Amino acid sequence: MKKYLVLADGTVYEGEGFGADTDSIGELVFTTGMCGYIETLTDPSYYGQIVMQTFPQIGNYGMITADCEGKPALFGYVAKYICDEPSNFRSEGTLDKFLKENGIPGICGVDTREITRKIRTGGTMNAAICSRVPDSLDEIRAYRVSGAVAAVSSKNVRTFDAFGDEKHRVALIDYGAKNNITRCLRKYGCTVTEFPYNVKAETILNGGFDGVMLSNGPGDPAENVGPIAEIKKMLGKIPLFGICLGHQLLAIAAGGKTVKMPYGHRGVNQPVRDVCGTRTYITSQNHGYAATGEIYGAREIFINPNDGTNEGYEYPELNAFSVQFHPEAASGTHDAEFLFERFCEMMEVNG
């Protein structure tokens, strides 16, 4: 089935459709991971976006429910080649079937290297996956990702017991949390209670928790005025650990701001340098905004050596720290998982 990838600048790529037979408009982004496409497809942080894989062949090991990070929220999927006959003893079905079941259109057979170079040169742009080339680009160009956190956050409060003996009780605010954040906390002896994005600070501060995890999530950080106001009420009153969007929201709550990056950092091979030491970690990332500005009590602890953008702050006076990358990364890397241990040590001292 013939499909087209139409970019906001008017460029048209003809390819073969797979997944759901529907049209879709979104923000086109690329991710550089050589593996982990299941986790990419099910990361809620991709809400409103059409995701393109730079690795040429996708779907080789099929789809595996246990590896999913959440409910798929992306608006489209682009790859060079799709494997129709996966070979893996854990495989439960094909990528094509998974996208059909979740109403997500895909396109393959396009030159993903050329498209990646275009985005790296001109920046992230909107695009459409469609069955015919539209007469006008107005609808594509007008698209904006909005209401993203509300769309992907859980609607109910859920509690997950620690693996083994309980050492700490953690409130996780779900802005679009990946499942492995909860698993990592439980592995370190934390009983995790997951709250919707709009939970009130008073509910958490009066809930007997030892610390708060601010999760990853999609969209423009500055759009989340309500959640930022609630984080501000918790500053200095309870240990806080922010990841990705949680990192950005914490920075804004402390007086900073965020800026949109030309094409962001997405993939499982992103370098992060420890500014307080000599190490460079290889990390998993998925973000299109960076924290910056005058942030109260913040001390920069990680930067990206490629472009100098911030990758982490600590707030000694506020008993908080946050990172832009994913220390809980699944399918990898695991370089920065020690940050969960640091969070537990912070709760231990605070207790």
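These numbers come from a predicted model, not from an experiment.

A. Focus on the nonpolar core. Grouped together as the largest cluster of nonpolar side chains are 30 residues, with contacts concentrated most on Ile-204, Val-212, Ile-231 and Tyr-315. For this core, the elements supplying multiple residues, two or more each, are strand 11 (168–174), helix 7 (201–205), strand 13 (211–214), helix 8 (225–234), helix 9 (245–253) and strand 18 (310–315). Among the elements that take part in this core, helix 9 stands out by supplying six residues, more than any other. Apart from the residues within four sequence positions on either side, Ile-204 is in contact with Ala-171, Ile-173, Phe-195, Val-199, Phe-209, Val-212 and Met-234. With 26 residues, the next largest nonpolar core counts Ile-181, Cys-184, Leu-185 and Ile-301 among its residues.

B. Examining the packing of aromatic side chains more closely. Scanning all chains against the criterion turns up 13 aromatic pairs. Residues Phe-75 and Tyr-143 carry aromatic rings whose centres are separated by 6.3 Å and whose planes lie at 55° to one another, so their mutual orientation is tilted. With a gap of 68 residues between them, Phe-75 in the loop between strand 5 (57–58) and strand 6 (76–79) and Tyr-143 in the loop between helix 4 (138–142) and helix 5 (148–152) connect regions that are remote in the sequence. The exposure class of Phe-75 is partly exposed, given its relative accessible area of 23%. The class of Tyr-143 is buried, set by a relative accessible area of 16%. Residues Tyr-281 and Phe-338 carry aromatic rings whose centres are separated by 5.5 Å and whose planes lie at 40° to one another, so their mutual orientation is tilted. Here Phe-338 lies in helix 10 (residues 338–350) and Tyr-281 lies in strand 16 (residues 280–292), a separation of 57 residues in the sequence. Put simply, the rings of Tyr-188, Phe-241, Phe-321, Phe-340 and Phe-343 touch in pairs and so form one group of aromatic residues.

C. View of helix 10. Here helix 10 is 13 residues long and its end C-alpha atoms lie 19 Å apart, about the 18 Å a rise of 1.5 Å per residue gives. Buried-residue contacts for helix 10 involve strand 11, helix 6 (179–187), strand 12 (190–196), strand 13, strand 14 (240–243) and strand 19 (320–323).

D. Summary view of the pattern of salt bridges. Inspection of every chain in the model, using the stated rule, returns 16 salt bridges. A salt bridge links Lys-260 to Glu-27, with the shortest nitrogen-to-oxygen separation between them at 2.5 Å. Remark: Glu-27 occurs in strand 3 (residues 24–31) and Lys-260 occurs in strand 15 (residues 257–274); sequence separation between them is 233 residues. In this structure, the salt-bridge partner of Arg-299 is Glu-314, at a minimum N-O distance of 2.4 Å. Taken as a pair, Arg-299 in strand 17 (residues 299–303) and Glu-314 in strand 18 lie far apart in primary sequence, 15 residues in all. For Glu-314, a relative accessible area of 13% puts it in the buried group. When salt bridges with common partners are traced through the structure, they connect Lys-200, Glu-202, Glu-230 and Lys-233 into a single cluster.

Thresholds applied
- Residues numbered from 1 in each chain as written.
- Predicted model: local features only at pLDDT ≥ 70, side-chain atom pairs only at ≥ 80, totals over all residues.
- Heavy atoms only, no water.
- Core = buried A, V, L, I, M, F, W, Y, C linked by side-chain atoms within 4.5 Å.
- Buried < 20%, exposed > 50% of the residue type's maximum accessible area, 1.4 Å probe, protein only.
- Helix = DSSP H or I, 4+ residues; strand = E, 2+ residues; numbered from the N terminus.
- Contact = heavy atoms within 4.5 Å.
- Phe/Tyr/Trp six-rings, centres within 6.5 Å; stacked < 30°, edge-to-face > 60°.
- Expected span 1.5 Å × (residues − 1).
- Salt bridge = Lys/Arg side-chain N within 4 Å of Asp/Glu carboxyl O.

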